[in-house]
Amino acid sequence: MDTRLLSARSPADLDEAAALLSRGGLVAFPTETVYGLGALALEPLAVRAIYAAKNRVTTNPLIVHVLGEDEARPLCARWPIEAQELATRFWPGPLTLVLPRTERVPDEVTGGGPTVAVRAPSHPAARQLLARVRVPLAAPSANRSEHVSPTTALHVLRDLNGRIDAVLDGGRCQVGIESTVLALTPDGPRLLRAGAVARSSLEELLGEIPDAAPTRIAASPGQQKRHYAPAALVRMADAAQLPRIAADLPGRVGALIHSEIALPDGVVSLRLPPEPTGYARELYAALRELEDRDCTAICIESVPSAPEWDAIRDRLTRAAA
Ligand code: TXA
Ligand code: MG
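Only a predicted model underlies this, so the values are computations on that prediction, with no experimental measurement involved. (Residues numbered from 1 in each chain as written. Chains lettered and ligands numbered in written order. Predicted model: local features only at pLDDT ≥ 70, side-chain atom pairs only at ≥ 80, totals over all residues. Heavy atoms only, no water.)

## Remarks on the overall build of the protein
In terms of regular secondary structure, the protein is built from 11 helices and 14 strands. The C-alpha atoms of the protein give 19 Å as radius of gyration, which agrees with the globular expectation for 321 residues (20 Å, within 12%). Principal-axis analysis of the C-alpha atoms places the extent of the protein at approximately 55 × 50 × 30 Å. Contacts in the protein between residues far apart in sequence, at least 24 positions, make up 64% of those at least 6 positions apart. Carbon and sulfur atoms form 49% of the exposed surface of the protein, whose accessible area is close to 13,800 Å². Here the protein contributes 35 positive and 38 negative side-chain charges, whose respective centroids are spaced 3 Å apart. (Helix = DSSP H or I, 4+ residues; strand = E, 2+ residues; numbered from the N terminus. Rg over C-alpha atoms; globule rule 2.2 N^0.38 Å. Contact = heavy atoms within 4.5 Å. Areas by Shrake-Rupley, 256 points an atom, 1.4 Å probe, with all protein chains shown as cover. Lys, Arg positive; Asp, Glu negative; His and termini not counted. Charge placed at Lys NZ, Arg CZ, Asp CG, Glu CD.)

What follows is the structure, encoded as structure tokens:
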């Protein structure tokens, strides 16, 4: 299959992307968080193709992307007041809600489970695409399974060229890490994945939100220990330890830092912004760059323990697991 590169700035290309999707094809598209690999969410065969292209285990459910609350509701068997308030406050944006599903949602999307994850992305290209196809789109991050999520169209092609119909290029993703995933269960809200919307912003609305106990929610791989993994050995350490760790690691060593640290000669060192918004935006591209520069080991300067860094710390801890 030839993968076409389409531009989100061209209305004709947006039409073409929508036409490919409507025929059951696979089109990667930009969202504000990371690129998603889209297919018609209510068409089992189209959804199955996502799993094949990514090499993803079929028990790992997908997020369904919609324009807004009106499009989400028919997919959810319940739409509690919390869902309505959260959607009003955070949609369109990087918050995914997990709710009981209706029969419209195929098993292929939910991994056979009783719930569905829905989110309304804010990226204009994602919205233009959704407006054209006029039905929900299932979309996991557009990377090969277990690889870091893509934040540019080029990242998508690196992982999926020849395996999907097209990539809609909408430039670099502004947020850079995945959405926050929140389950609204009968026992109250549970955080399934830290992400671009801070837990504290959700708690302003809902009160204290516990993490989901990993055993209670069936296989939510956002909860697997090793997940967001670059193809290299990864170690985390604070600034004081990092030069020694870098010197001890085998092979070609890369480093991700955010403060001024002198590292041994030969270490490929990338410095990320010292605040969480900028750091998140550049993190995945930096991990991919270290891979592309043939680093076989990567050491990462630990990030602050403040809550604004939660989602980033979560990704780094998994990468290093
Ligand atoms: O920002 C994002 O969320 C991006 C963009 C493309 O929207 N998507 C994304 O999808 O990160 P993915 O498939 O890479 O991660 C979705 C996470 C997984 O951890 C999955 O297990 C969880 O959401 N998930 C999806 N449906 C679920 C469900 N019904 N119950 C529990 N977890 C679910
Ligand atoms: Mg993913």
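## Re the environment of Ser 122
Checked against the element boundaries, Ser 122 lands in the loop between strand E6 (115-119) and helix H6 (124-133). Sequence spacing of Ser 122 and Ala 41 is 81 residues, and the spatial spacing of their C-alpha atoms is 18 Å. Residues contacting Ser 122, with those up to four places away along its chain left out, are Glu 32, Pro 92, Gly 93 and Arg 127.

## Points about the confidence of the model for the protein
Regions with low pLDDT carry predicted coordinates that are not meant to be interpreted in detail. Within the protein, residue pLDDT values average 94, and 94% of them lie at 70 or more. Low pLDDT, under 50, characterises residues 215-219; the stretch is placed with 7 contacts to residues that sit more than four places away or in other chains. (pLDDT = per-residue confidence, 0-100.)

## So, the pairing of strand E12 (residues 253-257)
Among the 5 residues in E12, 5 count as buried, and that is most of the element. Side chains Val 253, Ala 255 and Ile 257 of E12 all project onto a buried face; the interleaved residues Gly 254 and Leu 256 project onto the opposite face, where all are buried too. By the bridge criterion, 4 bridges tie E12 to strand E14 (residues 297-301) in an arrangement that is parallel. Looking across to E14, one finds that Ala 255 is bridged to Cys 299. Both E12 and strand E13 (residues 268-271) contribute to a ladder of 4 bridges, which runs parallel. If you follow Leu 256 over to E13, its bridge partner there is Leu 270. (Buried < 20%, exposed > 50% of the residue type's maximum accessible area, 1.4 Å probe, protein only. Pairing = 2+ DSSP bridges.)

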